[in-house]
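Chain and residue survey
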Amino acid sequence: MLGTGTAWPVRGQACAGIYIYAAGQHWLFDAGPGTLQRLLALGVTHGDLDRIFLTHFHPDHCAELVPLLFAMHLPDPARTKPLTVTGPQGMRRVYRRLNAAFSGWLAPRGYRLTLREVGDAAQRLGTCRVVSRRMPHGPPAVGFRVECGGRSVAYSGDTAEGPGVVELGRNADVLILECSAPDAHPVAGHLTPSACGRIAAAAGCRRLVLTHRAPSVQEGLARRGVRTQYAGPLVFARDLQALRLGSS
Ligand SMILES: [Zn+2]
Ligand SMILES: [Zn+2]
(Lines give C-alpha, C1' and ligand atoms only; values in the text may rest on other atoms or scores of the structure.)
(Ligands and ions follow the chains in the order given, each with its own letter.)
Protein backbone atom coordinates (compact mmCIF):
# COMPACT_ATOMS: atom_id res chain seq x y z
CA MET A 1 0.00 0.00 0.00
CA LEU A 2 1.83 3.13 -1.20
CA GLY A 3 -0.77 5.74 -0.39
CA THR A 4 -3.90 5.34 1.70
CA GLY A 5 -5.08 8.95 1.64
CA THR A 6 -7.51 10.96 -0.45
CA ALA A 7 -7.25 14.33 -2.17
CA TRP A 8 -7.29 15.95 1.29
CA PRO A 9 -3.64 16.37 2.31
CA VAL A 10 -2.75 14.45 5.47
CA ARG A 11 0.72 14.04 6.94
CA GLY A 12 1.83 10.42 6.60
CA GLN A 13 -0.71 9.53 3.93
CA ALA A 14 0.14 9.79 0.24
CA CYS A 15 -2.71 9.83 -2.27
CA ALA A 16 -3.95 6.66 -3.96
CA GLY A 17 -1.32 4.14 -5.02
CA ILE A 18 -0.75 0.39 -4.77
CA TYR A 19 2.37 -1.45 -5.86
CA ILE A 20 2.07 -5.07 -6.93
CA TYR A 21 4.98 -7.31 -7.84
CA ALA A 22 3.50 -10.01 -10.06
CA ALA A 23 4.73 -12.30 -12.84
CA GLY A 24 8.22 -10.91 -12.35
CA GLN A 25 6.99 -7.40 -13.17
CA HIS A 26 6.57 -4.15 -11.26
CA TRP A 27 3.04 -2.82 -11.50
CA LEU A 28 1.64 0.41 -10.11
CA PHE A 29 -2.11 0.76 -9.56
CA ASP A 30 -3.00 4.46 -9.41
CA ALA A 31 -0.37 7.16 -9.25
CA GLY A 32 -1.58 9.79 -6.81
CA PRO A 33 0.71 12.54 -5.50
CA GLY A 34 3.33 11.14 -3.14
CA THR A 35 3.35 7.60 -4.51
CA LEU A 36 6.68 7.98 -6.33
CA GLN A 37 8.49 8.68 -3.05
CA ARG A 38 6.69 5.70 -1.47
CA LEU A 39 7.93 3.48 -4.31
CA LEU A 40 11.49 4.68 -3.70
CA ALA A 41 11.10 3.82 -0.03
CA LEU A 42 10.45 0.23 -1.17
CA GLY A 43 13.55 0.32 -3.36
CA VAL A 44 11.50 0.49 -6.58
CA THR A 45 12.42 3.25 -9.06
CA HIS A 46 10.53 4.82 -11.95
CA GLY A 47 12.88 2.85 -14.20
CA ASP A 48 11.68 -0.46 -12.74
CA LEU A 49 8.00 0.04 -13.52
CA ASP A 50 6.64 -2.15 -16.32
CA ARG A 51 2.99 -1.15 -16.12
CA ILE A 52 0.85 1.60 -14.64
CA PHE A 53 -2.88 1.04 -14.21
CA LEU A 54 -5.03 4.10 -13.54
CA THR A 55 -8.57 3.74 -12.18
CA HIS A 56 -9.72 7.23 -13.27
CA PHE A 57 -8.54 10.75 -13.93
CA HIS A 58 -9.07 12.55 -10.64
CA PRO A 59 -5.71 14.07 -9.67
CA ASP A 60 -5.45 12.14 -6.38
CA HIS A 61 -5.26 8.96 -8.50
CA CYS A 62 -3.14 10.00 -11.46
CA ALA A 63 -1.25 13.31 -11.00
CA GLU A 64 2.05 11.49 -10.25
CA LEU A 65 1.96 10.35 -13.87
CA VAL A 66 3.53 13.71 -14.77
CA PRO A 67 6.75 13.36 -12.71
CA LEU A 68 6.88 9.64 -13.57
CA LEU A 69 6.80 10.19 -17.34
CA PHE A 70 9.12 13.19 -17.05
CA ALA A 71 11.64 11.06 -15.12
CA MET A 72 11.37 8.36 -17.79
CA HIS A 73 12.11 10.98 -20.46
CA LEU A 74 15.50 11.82 -18.89
CA PRO A 75 18.76 10.41 -20.23
CA ASP A 76 21.66 8.91 -18.23
CA PRO A 77 20.57 6.24 -17.97
CA ALA A 78 17.94 6.38 -20.70
CA ARG A 79 15.00 4.09 -20.27
CA THR A 80 14.74 1.27 -22.81
CA LYS A 81 12.19 -0.96 -21.09
CA PRO A 82 8.71 -0.55 -22.61
CA LEU A 83 5.94 0.94 -20.48
CA THR A 84 2.22 0.33 -20.74
CA VAL A 85 -0.22 2.72 -19.10
CA THR A 86 -3.75 1.36 -18.85
CA GLY A 87 -6.73 3.44 -17.85
CA PRO A 88 -10.42 3.93 -18.54
CA GLN A 89 -11.95 5.76 -21.48
CA GLY A 90 -10.09 9.06 -21.96
CA MET A 91 -6.61 7.65 -21.26
CA ARG A 92 -5.14 8.70 -24.61
CA ARG A 93 -6.73 12.15 -24.49
CA VAL A 94 -5.43 12.78 -20.96
CA TYR A 95 -1.92 11.74 -21.99
CA ARG A 96 -2.00 13.91 -25.13
CA ARG A 97 -3.16 16.95 -23.19
CA LEU A 98 -0.68 16.49 -20.36
CA ASN A 99 2.17 16.05 -22.81
CA ALA A 100 1.06 19.18 -24.69
CA ALA A 101 0.79 21.15 -21.43
CA PHE A 102 4.39 20.20 -20.64
CA SER A 103 5.65 20.95 -24.18
CA GLY A 104 6.39 17.34 -25.05
CA TRP A 105 8.55 16.60 -22.02
CA LEU A 106 6.42 13.58 -21.09
CA ALA A 107 6.90 11.84 -24.45
CA PRO A 108 8.82 8.57 -24.48
CA ARG A 109 12.45 8.86 -25.53
CA GLY A 110 14.30 5.60 -26.20
CA TYR A 111 11.48 3.38 -25.00
CA ARG A 112 8.06 2.30 -26.24
CA LEU A 113 5.01 3.76 -24.50
CA THR A 114 1.70 1.95 -25.00
CA LEU A 115 -1.56 3.54 -23.87
CA ARG A 116 -4.54 1.25 -23.37
CA GLU A 117 -8.15 2.19 -22.68
CA VAL A 118 -10.22 -0.49 -20.97
CA GLY A 119 -13.75 -0.95 -19.74
CA ASP A 120 -15.13 -4.36 -18.78
CA ALA A 121 -12.24 -6.49 -20.03
CA ALA A 122 -9.68 -9.15 -19.18
CA GLN A 123 -6.14 -9.64 -20.40
CA ARG A 124 -3.49 -12.24 -19.83
CA LEU A 125 -0.11 -10.86 -18.79
CA GLY A 126 2.48 -13.59 -18.48
CA THR A 127 1.18 -16.07 -15.92
CA CYS A 128 -1.34 -13.55 -14.56
CA ARG A 129 -4.76 -12.36 -15.60
CA VAL A 130 -5.82 -8.75 -15.10
CA VAL A 131 -9.52 -7.99 -15.13
CA SER A 132 -10.95 -4.47 -15.37
CA ARG A 133 -14.52 -3.54 -14.64
CA ARG A 134 -16.33 -0.22 -14.95
CA MET A 135 -17.15 1.44 -11.63
CA PRO A 136 -19.86 4.04 -11.00
CA HIS A 137 -18.04 7.13 -9.76
CA GLY A 138 -18.56 10.21 -11.95
CA PRO A 139 -15.84 10.35 -14.60
CA PRO A 140 -15.19 7.07 -16.45
CA ALA A 141 -13.65 4.77 -13.83
CA VAL A 142 -12.56 1.16 -13.59
CA GLY A 143 -11.53 -1.22 -10.83
CA PHE A 144 -8.84 -3.85 -11.37
CA ARG A 145 -8.42 -7.45 -10.30
CA VAL A 146 -5.14 -9.36 -10.56
CA GLU A 147 -5.13 -13.16 -10.55
CA CYS A 148 -1.79 -14.95 -10.31
CA GLY A 149 -0.92 -18.48 -9.27
CA GLY A 150 -4.38 -19.16 -7.87
CA ARG A 151 -4.35 -15.96 -5.77
CA SER A 152 -6.34 -12.82 -6.40
CA VAL A 153 -6.37 -9.21 -5.33
CA ALA A 154 -9.03 -6.71 -6.34
CA TYR A 155 -8.92 -2.91 -6.07
CA SER A 156 -12.00 -0.75 -6.44
CA GLY A 157 -10.45 2.64 -7.18
CA ASP A 158 -13.17 5.19 -6.42
CA THR A 159 -16.70 3.86 -6.68
CA ALA A 160 -20.24 4.02 -5.41
CA GLU A 161 -21.86 0.86 -4.13
CA GLY A 162 -23.10 -1.46 -6.87
CA PRO A 163 -23.01 -4.99 -8.27
CA GLY A 164 -19.84 -4.34 -10.31
CA VAL A 165 -17.58 -3.93 -7.32
CA VAL A 166 -19.04 -7.06 -5.69
CA GLU A 167 -18.29 -8.98 -8.89
CA LEU A 168 -14.76 -7.55 -9.01
CA GLY A 169 -14.09 -8.79 -5.48
CA ARG A 170 -15.85 -12.15 -5.81
CA ASN A 171 -13.96 -14.69 -3.60
CA ALA A 172 -10.82 -12.51 -3.81
CA ASP A 173 -8.01 -13.29 -1.39
CA VAL A 174 -7.66 -9.56 -0.83
CA LEU A 175 -10.30 -6.96 -1.63
CA ILE A 176 -8.99 -3.38 -1.38
CA LEU A 177 -11.85 -0.89 -1.18
CA GLU A 178 -11.85 2.87 -1.06
CA CYS A 179 -13.48 4.08 2.14
CA SER A 180 -13.39 7.80 1.70
CA ALA A 181 -16.38 8.91 3.77
CA PRO A 182 -17.69 8.08 7.24
CA ASP A 183 -21.14 6.52 7.62
CA ALA A 184 -22.37 9.71 9.28
CA HIS A 185 -21.49 11.79 6.20
CA PRO A 186 -21.71 9.69 3.02
CA VAL A 187 -20.45 11.25 -0.21
CA ALA A 188 -22.03 10.47 -3.59
CA GLY A 189 -19.83 8.28 -5.77
CA HIS A 190 -17.85 6.92 -2.80
CA LEU A 191 -18.01 4.18 -0.17
CA THR A 192 -18.49 4.31 3.60
CA PRO A 193 -17.35 1.65 6.10
CA SER A 194 -20.75 -0.06 6.24
CA ALA A 195 -20.94 -0.07 2.42
CA CYS A 196 -17.45 -1.64 2.32
CA GLY A 197 -18.66 -4.28 4.78
CA ARG A 198 -21.74 -5.03 2.66
CA ILE A 199 -19.62 -5.38 -0.49
CA ALA A 200 -17.06 -7.62 1.25
CA ALA A 201 -19.81 -9.89 2.64
CA ALA A 202 -21.60 -10.12 -0.71
CA ALA A 203 -18.32 -10.79 -2.55
CA GLY A 204 -17.19 -13.43 -0.05
CA CYS A 205 -13.63 -12.03 -0.03
CA ARG A 206 -11.08 -13.56 2.33
CA ARG A 207 -9.63 -10.27 3.53
CA LEU A 208 -10.94 -6.71 3.33
CA VAL A 209 -8.53 -3.78 3.16
CA LEU A 210 -9.77 -0.21 3.69
CA THR A 211 -7.84 2.50 1.88
CA HIS A 212 -8.38 6.00 0.44
CA ARG A 213 -9.64 7.27 3.78
CA ALA A 214 -10.40 10.92 4.48
CA PRO A 215 -9.32 12.23 7.91
CA SER A 216 -12.97 12.03 9.01
CA VAL A 217 -12.89 8.22 8.68
CA GLN A 218 -11.72 7.25 12.16
CA GLU A 219 -10.44 3.76 12.70
CA GLY A 220 -12.68 2.69 15.59
CA LEU A 221 -15.88 3.93 13.97
CA ALA A 222 -14.86 2.54 10.60
CA ARG A 223 -14.17 -0.91 12.04
CA ARG A 224 -17.53 -0.88 13.80
CA GLY A 225 -19.24 0.20 10.58
CA VAL A 226 -17.67 -2.68 8.65
CA ARG A 227 -18.45 -5.14 11.43
CA THR A 228 -22.18 -4.51 11.16
CA GLN A 229 -21.94 -6.23 7.76
CA TYR A 230 -18.77 -8.32 7.48
CA ALA A 231 -17.09 -10.65 9.97
CA GLY A 232 -13.92 -11.62 8.03
CA PRO A 233 -10.34 -10.35 8.40
CA LEU A 234 -10.13 -6.57 8.15
CA VAL A 235 -7.08 -4.34 7.53
CA PHE A 236 -7.18 -0.59 8.13
CA ALA A 237 -4.29 0.05 5.75
CA ARG A 238 -1.33 2.35 6.45
CA ASP A 239 1.11 3.76 3.92
CA LEU A 240 3.89 1.27 3.12
CA GLN A 241 2.00 -1.62 4.71
CA ALA A 242 2.73 -4.85 2.83
CA LEU A 243 0.08 -7.49 2.19
CA ARG A 244 1.32 -10.94 1.39
CA LEU A 245 -0.81 -13.29 -0.65
CA GLY A 246 -0.45 -16.91 0.31
CA SER A 247 2.77 -18.41 1.59
CA SER A 248 5.15 -17.11 -1.10
ZN1 LIG B 1 -12.31 10.03 -7.79
ZN1 LIG C 1 -10.20 9.51 -5.02
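Everything in this summary refers to the structure shown in the same document. Quick caveat: nothing in here was measured; it's all calculated off a predicted structure.

Thoughts on the coordination of the zinc ion (ligand 2)
Note on the zinc ion (ligand 2): its protein donors are Asp 60 (OD), His 61 (NE2), Asp 158 (OD) and His 212 (NE2). The metal-donor distances range over 2.2 to 2.5 Å. What the four donor atoms of the zinc ion (ligand 2) show is an angle range of 89 to 158° at the metal, which sorts the shape as irregular. All donors of the zinc ion (ligand 2) belong to a single chain; written as a sequence motif, their spacing is D-H-x96-D-x53-H. For the pair the zinc ion (ligand 2) and the zinc ion (ligand 1), the metal-to-metal distance amounts to 3.5 Å, and Asp 158 bridges them. With relative accessibility at 9%, the residue Asp 60 sits in the buried group. Exposure remark for His 61: the relative accessible area of 0% places this residue in the buried category.

Side note on the state of the cysteines
With the rule as written, the count across this model stands at one disulfide. Each disulfide pairs two cysteine sulfurs, and for Cys 128 the partner residue is Cys 148, the sulfurs being separated by 1.8 Å. Sign of the S-S torsion, about 115° for the bond between Cys 128 and Cys 148, identifies this disulfide as right-handed. Of this pair, Cys 128 sits in strand S7 (residues 128–134) while Cys 148 sits in strand S8 (residues 142–148), placing them 20 residues apart in sequence. No disulfide involves Cys 15; its nearest neighbouring cysteine sulfur is the one of Cys 62, lying 10 Å away.

Some remarks on the coordination of the zinc ion (ligand 1)
Protein coordination at the zinc ion (ligand 1) comes from His 56 (NE2), His 58 (ND1), His 137 (NE2) and Asp 158 (OD), with a distance range of 2.2 to 2.3 Å. Around the zinc ion (ligand 1) sit four donor atoms; with metal-centred angles ranging over 92 to 163°, the donor geometry is irregular. Donor residues for the zinc ion (ligand 1), ordered by position in the chain, follow H-x1-H-x78-H-x20-D.

Some details on the nonpolar core
Counting 25 residues, the largest nonpolar core has Leu 175, Leu 177, Cys 196, Ile 199, Leu 208 and Leu 210 as its most contacted members. Mapped onto this core, the elements with two or more residues apiece are helix H5 (163–168), strand S10 (174–178), helix H6 (193–203), strand S11 (208–211), helix H7 (219–227) and strand S12 (234–236). If we skip the residues at most four places from it in the chain, Leu 177 touches Ser 156, Val 165, Leu 191, Cys 196, Ile 199, Leu 208, Val 209, Leu 210 and Thr 211. Grouped together as the second largest cluster of nonpolar side chains are 24 residues, Tyr 19, Cys 62, Tyr 95 and Leu 106 included.

What counts as what
- Residues numbered from 1 in each chain as written.
- Chains lettered and ligands numbered in written order.
- Predicted model: local features only at pLDDT ≥ 70, side-chain atom pairs only at ≥ 80, totals over all residues.
- Heavy atoms only, no water.
- Donors = N, O, S within 2.8 Å, 3.2 Å for Na, K, Ca; no water.
- Tetrahedral: all angles 85-135°; square planar, octahedral: opposite > 155°, others 65-115°.
- Buried < 20%, exposed > 50% of the residue type's maximum accessible area, 1.4 Å probe, protein only.
- Disulfide = S-S within 2.5 Å.
- Helix = DSSP H or I, 4+ residues; strand = E, 2+ residues; numbered from the N terminus.
- Core = buried A, V, L, I, M, F, W, Y, C linked by side-chain atoms within 4.5 Å.
- Contact = heavy atoms within 4.5 Å.

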